[in-house]
Amino acid sequence: RSAIDILQFHFSAQTKVVIRDASGNELANTTKQTGETLSVQGESPFAIELNPASAVEFRFNNNVIDLKPYTVNGVVNFRLSR
């Protein structure tokens, strides 16, 4: 039995977002604008790409995740699992 995880994003500037779940299904591939939010759910691990990362507040199962350790040249491109 697989658990469902919830990813929530809040954007403070225009941001490119790509999210895939454990099966490789694309949960999001979009550009979000200032003030917008995005919530997706699925099965981890997730492949997450955010550009620019500095414009994103990210919560994973309601826990705030600091993106700074995953940010390279302003972009987050990482795998996240429970």
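Structure: above.
Residues numbered from 1 in each chain as written. Predicted model: local features only at pLDDT ≥ 70, side-chain atom pairs only at ≥ 80, totals over all residues. Heavy atoms only, no water.

S.K.: Explain the pairing of strand β9 (residues 75–80) to me, using residue names and the numbers behind them.
M.R.: Where burial is concerned, the two faces of β9 differ: the one with V76, F78 and L80 is buried and the one with V75, N77 and R79 is not. Here strand β8 (residues 71–72) pairs with β9 via 2 bridges, running antiparallel. The partner of T71 across the bridge, within β9, is V76. Count of turn residues in the β8/β9 antiparallel hairpin: 2 residues, of which N73 carries a positive phi of about 50°. (Buried < 20%, exposed > 50% of the residue type's maximum accessible area, 1.4 Å probe, protein only. Helix = DSSP H or I, 4+ residues; strand = E, 2+ residues; numbered from the N terminus. Pairing = 2+ DSSP bridges.)

S.K.: Give me the lowdown on the packing of aromatic side chains, citing residues and values where you can.
M.R.: Using the criterion set out here, one finds 4 aromatic pairs in the structure. With 6.3 Å between their ring centres and 15° between their planes, F9 and F11 make a pair best called stacked. Accessibility expressed as a relative area gives 3% for F9, which makes it buried. For F11, a relative accessible area of 0% translates into the label buried. Aromatic side chains F46 and F60 sit 6.3 Å apart centroid to centroid with 80° between the ring planes, which places their arrangement in the edge-to-face category. In this pair, F46 sits in strand β5 (residues 46–51) while F60 sits in strand β6 (residues 56–60), placing the two residues 14 residues apart along the sequence. Here the two residues F46 and F60 agree in accessibility, since each one is buried. An aromatic cluster is built from F9, F11 and F58, whose rings are joined through pairwise contacts. (Phe/Tyr/Trp six-rings, centres within 6.5 Å; stacked < 30°, edge-to-face > 60°.)

Shape is all these values report; function is a separate question.
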